[in-house]
Amino acid sequence: DDAAAPTTPRAMTTAEVMLAGGVSGVAARLLTHPMDTVKTQMQVQGAVAAAGGNRALHYRGVADAVAKIVANEGVRGFYRGFGAVFTGIPFASGAYFGGYEGAKMLVPADAFGPTATYIVTGMLAQSLAGV
């Protein structure tokens, strides 16, 4: 039987890891930005009311905010401000992914136990991404 032996996939280069991180960051933000928009709109109305501004709240809750945004702006209303996110998140996510891979090389897998090692590696990756 000449069945080919299974091959081990090659390790990704740092550039590939960072590119994958950037793409995944954009994909994640595409999915989460609508709820961030709703959250931000509700926070802003609360801050305005607390500062003595217009006391009438425009949104009575999450479902009301979603319905009003769709009615007034359509689905595009959920992506207001996404341009700014789109210009920064690929770099930030790419830096985090690259930093995480670098941190995994710096922190031995058995250094603190599996959970603590994962946490320490993530903290180090975030620090490296912020450089």
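Residues numbered from 1 in each chain as written. Predicted model: local features only at pLDDT ≥ 70, side-chain atom pairs only at ≥ 80, totals over all residues. Heavy atoms only, no water.

Structural notes on the side chain of His33
Short version of the rule: Numbering of helices and strands runs from the N terminus, with a helix taken as a DSSP run of H or I at least four residues long and a strand as a DSSP run of E at least two residues long. Relative accessibility under 20% of the residue-type maximum defines a buried residue, over 50% an exposed one, and the middle range a partly exposed one, all with a 1.4 Å probe and only protein chains included. Residues are treated as being in contact if the distance between any of their heavy atoms lies within 4.5 Å.
Within the secondary structure, His33 is located in helix H1 (residues 14-50). Look at His33 and you get buried, because its relative accessible area is 7%. Once you skip the residues sitting within four places of it in the chain, His33 turns out to touch Phe78, Tyr79, Arg80, Gly81, Phe82 and Val85.

Quick look at a nonpolar patch on the surface
Definition in use: Here the term patch refers to residues with relative accessible area over 30% and no salt bridge, with like charges joined within 9 Å and nonpolar side chains (Val, Leu, Ile, Met, Phe, Trp, Tyr) within 5 Å. Accessible areas in this description were obtained via Shrake-Rupley with a 1.4 Å probe; residue shielding takes into account the shown protein chains only. Throughout this description, the term salt bridge denotes a Lys or Arg side-chain nitrogen within 4 Å of a carboxyl oxygen of Asp or Glu.
Among the surface-exposed residues, Tyr118, Ile119 and Met123 lie close enough to one another that they form a single nonpolar patch of about 360 Å² accessible area. Along the polypeptide, Tyr118 turns up in helix H4 (residues 114-129). According to the relative accessible area criterion, Tyr118 is exposed, its value standing at 56%.

Considering the packing of aromatic side chains
Stated formally: A pair of aromatic rings is counted whenever rings of Phe, Tyr or Trp (Trp by its six-membered ring) have centres within 6.5 Å, and the orientation is called stacked for planes under 30 degrees apart, edge-to-face for over 60 and tilted otherwise.
Enumeration according to the criterion identifies four aromatic pairs in this entry. Centroid distance Tyr79 to Phe82: 5.8 Å. Interplanar angle 85°. Geometry classified as edge-to-face. Here Phe82 and Phe86 contribute two aromatic rings whose centre-to-centre distance is 6.3 Å and whose plane-to-plane angle is 35°, an arrangement assigned as tilted. Placement of both Phe82 and Phe86 in helix H3 (residues 82-106) is noted, with a separation of four residues, approximately one turn of the helix. Under the relative-accessibility criterion, Phe82 is labelled buried at 12%. The class for Phe86 is partly exposed, based on a relative accessible area of 45%. An aromatic cluster of three or more residues is present, and its members are Tyr79, Phe82 and Phe86.

The values reported here are purely geometric and, on their own, carry no functional implication.
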